[in-house]
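Below, each chain spelled out in residue letters.
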Amino acid sequence: MNIPQGQFNEDPDMFDYTTFSHGLYIDGHWRPSSDGRLIEVIDPSTEAVIAAVPDATIADAAAAVEAAAKAAAGWRATAPRKRSEILRRCFELMVERSDTLAALISLENGKALRDARGEVAYAAEFFRWNAEEAVRISGEFGLAPSGANRIVVDYHPIGICVLITPWNFPAAMATRKIAPALAAGCTVILKPASETPLTAYALAALYEEAGVPPGVVNVLTTSNPGPVTSAMLADPRVRKLSFTGSTGVGRVLLAEAAKHVISCSMELGGNAPFIVFDDADLDAALDGAMVAKMRNAGEACTAANRIYAQAGIHDAFAEGLRQRMAALKLGSGTDPDTECGPMITRKAVEKIDRLVKDAVGRGARILCGGAVADDKGYFYPPTVLRDVPANAEMAQEEIFGPVAPISRFENEDEVIARANDTEYGLAAYIYTRDLARGMHVASKIETGMVALNRGLMSDPAAPFGGVKQSGLGREGGQKHGIAEFMEAKYIAVTM
Ligand code: NAP
């Protein structure tokens, strides 16, 4: 297998994704899989095969764990200041190469370039934030209540970490795990999604350039994620599993990790309510809804999945959203004019189509979109539905696409009950000019995150994560993100 060893080239006319390294990245080397098999990477805008990456075997995964184990002692002993400087360099290089990285993300994921640029900026921030946090990991010191001894708490890197990420944010979901893990002093094996491996490999080359030593970050792609992950988790040196993806796969992985009592962080699916009260600023609510719904063409775990508009503002809000959604330009991710790119796969389009047909069959009305064109590429048009009933499947299932389902509500208690009527609990959005009401409703909504008069809440400086079936643990934030990759050691001291 010919493994390209290309470098970043900032001249956009020279952009050539085939020059990016994309072998398995193990112990600082690029290599084919042990049985030579490959996974094809498809451009969702054209359905063309754009690259092929190695399909790692269990033996390759064992080699990655070995590499992470070999590098662990050295990285753990590296001074926090030095680790911090390497992470800072990762941030700087990502910012320098943001155009190239964004183009690569758009190509393999299909998202509009403007979304890809936003993702690169967000992804890079995890390195800046964790570079700053790496030198601020402190322990605790206190006197036992009995007065008999001192309580000393020291924080240690948890050990080798297996990181598994989805395709919808190929850069950010990886850096949100790698940056805090490295800041904490851990070594890692990243398994990115099979649909979007090129970004993960391009970033691996960047980490190396920034000074991340061989074996500290290893990256492997596989079409056999269950057995490959199980083999890694069965190695007693692996002490952490950090997963972002669907709730279904999260449940399987939790059961697998339980066999070895491995610490788990789970960032899982969402079903975010977006609540607009009568007193909301209509334009601000519409702007926020467009971001909450259409960032990443709806392919986001935090995407507004159910929009509830109070009776007095409902019609104006529905019409405003229809106008904005209908005006969006659907097109190839890499076309700079595109505002809504394709979905990741044909299967994703079929699922959205099924959910829309189900809602319409139960009484919802289509205000715009709602029909799949027979073109090349996995496109679904921006769609607004109104009068979506509570028993529609999309009220319980992630749409993960550019479909905005609106329902009318009358009062606060009713909308809180409807918002909480889901097994998920990741994100929620509230629009009201009454801050006291906003804070009250936010406190009653069963989610890990609430955006109040905002369409976006993701921030490396804030704890991101869900409750209920949306996950366990937090990523980012002061202490939270790094704490997931550390163990506390308590020492009782008689002085
Ligand atoms: P997915 O099907 O669960 O896949 C996620 C990752 O898990 C991929 O790398 C996948 O590999 C891997 N995987 C699949 N089956 C596995 C198994 N048995 N053992 C080990 N790994 C396995 O999710 P997705 O479709 O890529 O992503 C969309 C989902 O992610 C949505 O539910 C979304 O809400 C959620 N998400 C959550 C957050 C959050 O922060 N809460 C953020 C983004 C996305 P392959 O690609 O090789 O199948």
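Whatever comes next refers back to the structure up there.
Note that this is a predicted model, so its numbers are computed, not measured. (Residues numbered from 1 in each chain as written. Predicted model: local features only at pLDDT ≥ 70, side-chain atom pairs only at ≥ 80, totals over all residues. Heavy atoms only, no water.)

A.B. asks: How would you summarise the packing of helix H9 (residues 282–294) against helix H10 (residues 311–326) if you had to cite specific residues and measurements?
C.D. replies: The N-to-C vectors of H9 and H10 enclose an angle of 50°; their axes lie 10 Å apart at closest approach. In terms of their interaxial angle, H9 and H10 are classed as oblique. Considering the relative orientation of H9 and H10, their crossing is right-handed. Side by side, H9 and H10 meet where Leu282, Asp283, Ala285, Leu286, Asp287, Ala289, Met290, Lys293 and Met294 of the first sit next to Ile313, Ala316, Phe317, Gly320, Leu321, Arg324 and Met325 of the second. Classifying every residue of the contact of H9 with H10 gives 11 nonpolar, 1 polar and 4 charged. (Axes fitted to C-alpha atoms, helices over the stretch in contact; angles between N-to-C directions. Helix = DSSP H or I, 4+ residues; strand = E, 2+ residues; numbered from the N terminus. Parallel < 35°, antiparallel > 145°, perpendicular 65-115°, else oblique. Left-handed = near helix turned anticlockwise from the far one by under 90°. Contact = heavy atoms within 4.5 Å. Nonpolar A, V, L, I, M, F, W, Y, C, P; charged D, E, K, R; others polar.)

A.B. asks: Go over helix H12 (residues 412–419), please, and point to the residues and values.
C.D. replies: Within H12, the full set of buried residues consists of Glu412, Val415, Ile416 and Ala419. Taken down its axis, H12 places every buried residue within 100° of arc, on the same side. Among the exposed residues of H12, those pointing more than 90 degrees away from its buried face are Asp413 and Ala417. Where H12 begins, the side chain of Asn411 points an oxygen toward the backbone nitrogen of Asp413, at a separation of 3.3 Å. (Buried < 20%, exposed > 50% of the residue type's maximum accessible area, 1.4 Å probe, protein only. Arc of directions from axis to C-beta. Polar contact = N/O pair within 3.5 Å; in protein donor to acceptor, adjacent residues only side chain to side chain.)

A.B. asks: Please set out the pattern of salt bridges residue by residue, giving values where relevant.
C.D. replies: Counted under the stated rule, the structure contains 35 salt bridges. Among the ionic pairs, Glu92 bridges to Arg88, the shortest N-O distance being 3.2 Å. Of this pair, Glu92 and Arg88 both sit in helix H2 (residues 80–96), separated by 4 residues, roughly a single helical turn. With relative accessibility at 27%, the residue Glu92 sits in the partly exposed group. Relative accessible area serves as the criterion here: at 34%, Arg88 is assigned to the partly exposed category. Close ionic contact of Glu414 with Arg418 constitutes a salt bridge, the shortest N to O distance being 2.9 Å. Of the two residues, Glu414 and Arg418 both sit in helix H12, 4 residues apart, roughly one turn of that helix. One connected set of salt bridges, linked through shared partners, spans Asp315, Arg365, Arg386, Asp387 and Arg408. (Salt bridge = Lys/Arg side-chain N within 4 Å of Asp/Glu carboxyl O.)

A.B. asks: Before we move on, can you summarise the site of the ligand with the specific residues and values?
C.D. replies: The full set close to the ligand counts 31 residues, and Thr165, Arg176, Ser194, Ser246 and Glu398 are the nearest of them. Within the backbone of Thr165, one N or O atom sits 2.7 Å away from an oxygen atom of the ligand. Between the ligand and Ser246, the relevant distance is 2.6 Å, taken from an oxygen atom to a side-chain nitrogen or oxygen of the residue. Notes on the ligand: free accessible area 910 Å², of which the protein chains cover 85%. For the shell around the ligand, the secondary-structure elements that each account for two or more residues are helix H5 (172–184), helix H7 (225–233), strand E10 (238–244) and helix H8 (247–258). Looking at the shell around the ligand, the element that brings in the most residues is H7, giving 3 residues. Class assignment for the residues of the shell around the ligand results in 15 nonpolar, 11 polar and 5 charged. Taken together, domain 1 (12–268 + 470–493) and domain 2 (272–459) each give at least three residues to the shell around the ligand, which thus spans both. (Near = heavy atom within 4 Å. Areas by Shrake-Rupley, 256 points an atom, 1.4 Å probe, with all protein chains shown as cover. Domains from an automatic or database assignment.)

A.B. asks: Go over the environment of Leu101 with me, naming the residues and quoting the values.
C.D. replies: In this structure, Leu101 sits in helix H3 (residues 98–109). C-alpha separation for the pair Leu101 and Leu198, spaced 97 residues apart in sequence, amounts to 9.8 Å.

A.B. asks: Outline the pairing of strand E3 (residues 38–42), supporting the account with residue identities and numerical values.
C.D. replies: With burial as the criterion, only one face of E3 is covered, namely that bearing Ile39 and Val41; the residues Leu38, Glu40 and Ile42 on the opposite face remain uncovered. Here E3 pairs with strand E4 (residues 49–54) via 5 bridges, running antiparallel. Its bridge partner lying in E4, Val41 is registered against Ala51. Two successive antiparallel strands, E3 and E4, enclose a turn made up of 6 residues, where Glu47 displays a positive phi of approximately 70°. (Pairing = 2+ DSSP bridges.)

A.B. asks: If you had to explain the sheet that holds strand E5 (residues 140–143) to someone new, which residues and values would you point to?
C.D. replies: Ordered by their spatial adjacency, 3 strands build an open sheet running E5-E6-E20, and the pairing between neighbours is antiparallel. If you trace the sheet from one side to the other, it starts and ends with E5 and strand E20 (486–493), each paired once. Strand after strand, the sheet turns through a mean of 20° between neighbouring axes, direction not considered. Summarising the sheet, strand E6 (residues 150–157) and E20 pair through 8 bridges and their orientation is antiparallel.

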